Amino acid sequence: MIFLIYSSKTIVLNIYVMALILMLQVEKIMWRLILILLVIQAKGTECSSHGLWRAVNPEVHLDVVRIIQFWSYPVEDHEVVTEDSYILTLNRIPYGRTVNKVSGRQPVVFLQHGLLSSPVSWISNLPNNSLAFILADAGFDVWMGNSRGSTYSLKHATLSTNSTEYWAFSFDEMARYDLPASIDYIVKKTGQKIYYVGHSQGTLIGFLAFSTLPKLAQKVKAFYALAPIFYVQHIQSVPFQVLFQISPKLLKYVLGDKDFLPETELNRLLATKVCNNEIIGFICGKVIFSLFGCEPQNLNMSRIDVYVAHNPAGTSVQNILHYIQPLLDSMSSPYDHQAICPLCMYPVLYGMSKGMHEIQKILRAYDWGSPRKNMEHYNQPTPPTYSPSTMRVPTAIWSGQKDLLADPVDVFNLLPQICNLIYYKNLPKYSHLDFIWGNNVQNDIYDEIVKMISKTL
């Protein structure tokens with residue numbers, strides 16, 4: 001009877017929450033397949049057309065090294081060990097195919113991928129529209145990082161990925177351990193400071209690392225942030241909003257305490273059997289990229305099978321839980337959980353969004369769940385807070401007005417805290433994935449990055 005006093009929107013959104021819980025109980029990413037197949041079924045005979053199947057792009061079946069080799073670029077694999085014994089892979093393109101290897105030092109650019117992604121995101125399009133290839137051809141020494149728990153960084157000196165201990169990390173550890181290990185290795189190997197380019201979570205761990213580790217920040221000449229993430233309180237992606245409504249305890253019970261959405265053979269199955277049809281591929285893109293606010297017409301749809309084959313690329317459940325914690329911390333007047341939905345972190349989605357402009361801007365280290373555990377990790381009962389205002393690295397930012405994850409309001413709240421902001425550009429038609437896969441991203445962003453770096457040489 002309690003449900004009856006609220007709007008129909010409330011009821012629908014709570015149904016979404018319950019449906020999502022049920023879907024998440026299916027083996028990790030199986031729900032994506034189910035969702036896509038349901039959409040295809042709903043389209044009926046529209047999807048039964050023959051002769052609309054596209055040839056599968058070769059990169060669907062290749063790993064990051066072989067994709068680089070496929071396009072005739074030189075490539076190197078390097079492994080680094082973090083202070084907490086995670087073994088990370090660095091992929092290097094030392095020079096371009098249109099630039100001969102010359103004596104002397106080439107400027108070093110480090111690319112860090114986003115949440116649930118991998119270095120393949122920087123080389124998924126054709127060479128003239130993929131940032132890693134563009135930079136290499138422009139004469140730069142390109143290095144690509146791999147966050148712990150993603151496809152190409154699943155090693156540890158002592159822990160197995162079958163253990164819960166391996167997966168006990170979030171973006172805290174990526175900033176505290178992964179970036180220092182990777183950047184220190186590159187600086188030692190090349191003898192140069194780096195230019196850092198991050199997308200999505202790659203920007204978040206950059207903000208954290210460069211604001212809390214001043215010695216590391218001194219090794220970074222400039223920070224180029226694409227679709228910057230620091231605050232997530234105004235996130236507009238409905239699937240993520242619904243996910244973030246589920247109580248952390250329930251979410252952990254449903255998802256477990258290990259990996260979240262790893263890259264599997266199901267990715268390639270979707271890429272080759274579903275998303276490479278001209279009609280179904282459009283629907284496939286519409287469904288998958290709706291998570292991020294991406295419209296298929298902004299992408300090269302002939303590459304959709306490559307995007308799907310290599311994404312998502314995995315992270316830890318704890319990392320996802322950490323993204324939820326700022327919402328718990330920042331509500332100025334938290335809702336009473338028993339009001340409507342005992343499964344929800346907040347009673348209704350529309351209520352949450354209604355109060356968004358009243359929230360406090362805050363980001364903390366991961367809350368381990370009790371003062372005792374926090375004392376063990378931080379020597380204080382509550383997690384320490386982060387502030388990008390202490391970062392002194394020259395920073396350029398590109399954001400999208402249609403980005404459902406790096407929401408314009410959250411970016412607006414971030415900008416005044418960047419003390420050394422050297423450039424800012426808001427792209428009215430850009431959403432979250434356009435920064436790595438957009439049709440016009442070379443002209444809109446990548447050429448600007450090349451020019452900015454070149455002016456500092």
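From a predicted model like this one, the values you see are computed outputs, not experimental measurements.

Thresholds, definitions, all that
- Residues numbered from 1 in each chain as written.
- Predicted model: local features only at pLDDT ≥ 70, side-chain atom pairs only at ≥ 80, totals over all residues.
- Heavy atoms only, no water.
- Helix = DSSP H or I, 4+ residues; strand = E, 2+ residues; numbered from the N terminus.
- Buried < 20%, exposed > 50% of the residue type's maximum accessible area, 1.4 Å probe, protein only.
- Contact = heavy atoms within 4.5 Å.
- Areas by Shrake-Rupley, 256 points an atom, 1.4 Å probe, with all protein chains shown as cover.
- Phe/Tyr/Trp six-rings, centres within 6.5 Å; stacked < 30°, edge-to-face > 60°.
- Core = buried A, V, L, I, M, F, W, Y, C linked by side-chain atoms within 4.5 Å.
- Pairing = 2+ DSSP bridges.
- Right-handed = clockwise from strand over helix to strand, strands pointing away.
- Polar contact = N/O pair within 3.5 Å; in protein donor to acceptor, adjacent residues only side chain to side chain.
- pLDDT = per-residue confidence, 0-100.

Novice: Before we go on, may I ask you to explain the overall build of the protein chain in this structure?
Specialist: When you go through the protein chain residue by residue, the secondary structure sums to 18 helices and eleven strands. A buried classification covers 58% of the 457 residues belonging to the protein chain. The long-range fraction of contacts in the protein chain, counting pairs at least 24 apart against all pairs at least 6 apart in sequence, stands at 78%. For the protein chain, the computed accessible surface area is about 18,900 Å², with 56% contributed by carbon and sulfur atoms.

Novice: Can you help me understand the packing of aromatic side chains in this one?
Specialist: For any pair of aromatic rings, the description consists of the separation of the ring centres together with the inter-plane angle of the planes. Per the counting criterion, the structure on display carries 21 aromatic pairs. Taking the centre distance of 4.3 Å and the plane angle of 20 degrees together, the rings of tyrosine 73 and phenylalanine 133 count as stacked. Of this pair, tyrosine 73 sits in the loop between helix H3 (64–70) and strand E1 (76–81) while phenylalanine 133 sits in helix H4 (residues 131–137); the two residues are 60 residues apart in sequence, bridging distant segments of the chain. Accessibility classification places tyrosine 73 together with phenylalanine 133 in one group, the buried group. Residues phenylalanine 207 and phenylalanine 230 carry aromatic rings whose centres are separated by 6.2 Å and whose planes lie at 85 degrees to one another, so their mutual orientation is edge-to-face.

Novice: For this particular structure, what's the right way to read the nonpolar core?
Specialist: Across soluble globular proteins, nonpolar side chains show a tendency to be buried alongside one another. Ranked by size, the top nonpolar core spans 127 residues in total, and within it Leu111, Phe210, Tyr224, Trp398 and Ile445 carry the most contacts. The leading source of residues in this core is helix H5 (residues 171–190), at eight residues. When sequence neighbours within four positions are dropped, the list of residues in contact with tyrosine 224 reads Tyr195, Tyr196, Val197, Gly198, Ala396, Trp398, Ile449, Met452 and Ile453.

Novice: For this particular structure, what's the right way to read unusual backbone geometry?
Specialist: Of all residues except glycine, most have a negative phi; of all peptide bonds, most are trans. With omega at 0 degrees, the peptide bond leading from asparagine 311 into proline 312 counts as cis. For proline 312, the location among the structural elements is in the loop between helix H12 (304–310) and strand E9 (315–316). Here the phi dihedral of alanine 227 falls at roughly 50 degrees; this positive angle occurs in a residue that is not glycine. Structurally, alanine 227 is set in the loop between strand E7 (220–226) and helix H8 (238–245). In this structure alanine 227 comes out as buried when scored by relative accessible area, which is 0%.

Novice: Is there a simple way to explain the pairing of strand E11 (residues 421–427) in this structure?
Specialist: Look at any regular strand and the pattern is simple: side chains alternate between the two faces of the sheet. Where strand E10 (residues 395–400) and E11 come together, six bridges link them in parallel fashion. Within the sheet, the bridge partner assigned to tryptophan 398 lies in E11 and is lysine 425. One crossover worth recording links E10 to the parallel E11 by way of helix H16 (residues 408–414), and it is right-handed.

Novice: How do you make sense of the environment of asparagine 125 when you look at a structure like this?
Specialist: Relative to the elements of secondary structure, asparagine 125 occurs in the loop between strand E3 (108–112) and H4. Note on asparagine 125: relative accessible area 2%, which makes it buried. Separated by 311 residues in the primary sequence, asparagine 125 and isoleucine 436 have C-alpha atoms spaced 8.7 Å apart. Once residues lying within four places of it in the same chain are set aside, the contact partners of asparagine 125 are Ser130, Arg303, Tyr307, Ile436, Trp437 and Gly438. Side chain to side chain, asparagine 125 and tyrosine 307 meet in a polar contact 2.5 Å long.

Novice: Would you explain the confidence of the model for the protein chain in this entry?
Specialist: One rule of thumb: low pLDDT means the predicted coordinates there are not for detailed reading. Mean pLDDT over the protein chain works out to 83, with 77% of the residues at or above the 70 mark. A low-confidence stretch, residues 1–13 stays under pLDDT 50, and its non-local contacts, those more than four residues away or across chains, total twelve contacts. Here residues 332–360 is a poorly scored stretch, pLDDT under 50, and it has 65 contacts once near neighbours within four places are set aside; other chains count.

Novice: Looking at this structure, how should I read the side chain of threonine 190?
Specialist: Checked against the element boundaries, threonine 190 lands in helix H5. Taking relative accessible area as the criterion, threonine 190 reaches 12% and is therefore assigned buried. Side-chain polar atoms of threonine 190 contact the backbone oxygen of isoleucine 186, separated by 2.8 Å. Excluding its chain neighbours within four sequence positions, the residues that come into contact with threonine 190 are Arg92, Arg105, Val108, Asp141 and Trp143.

Novice: Hey, could you run me through the environment of proline 94 in this one?
Specialist: With respect to the helices, strands and loops of the structure, proline 94 is situated in the loop between strand E2 (86–93) and E3. Measuring from C-alpha to C-alpha, the distance between proline 94 and valine 142 comes to 5.8 Å, with 48 residues separating the pair along the chain. Here proline 94 is in contact with Pro74, Val75, Glu76, Gln106, Phe140 and Asp141, once residues within four sequence places are set aside.

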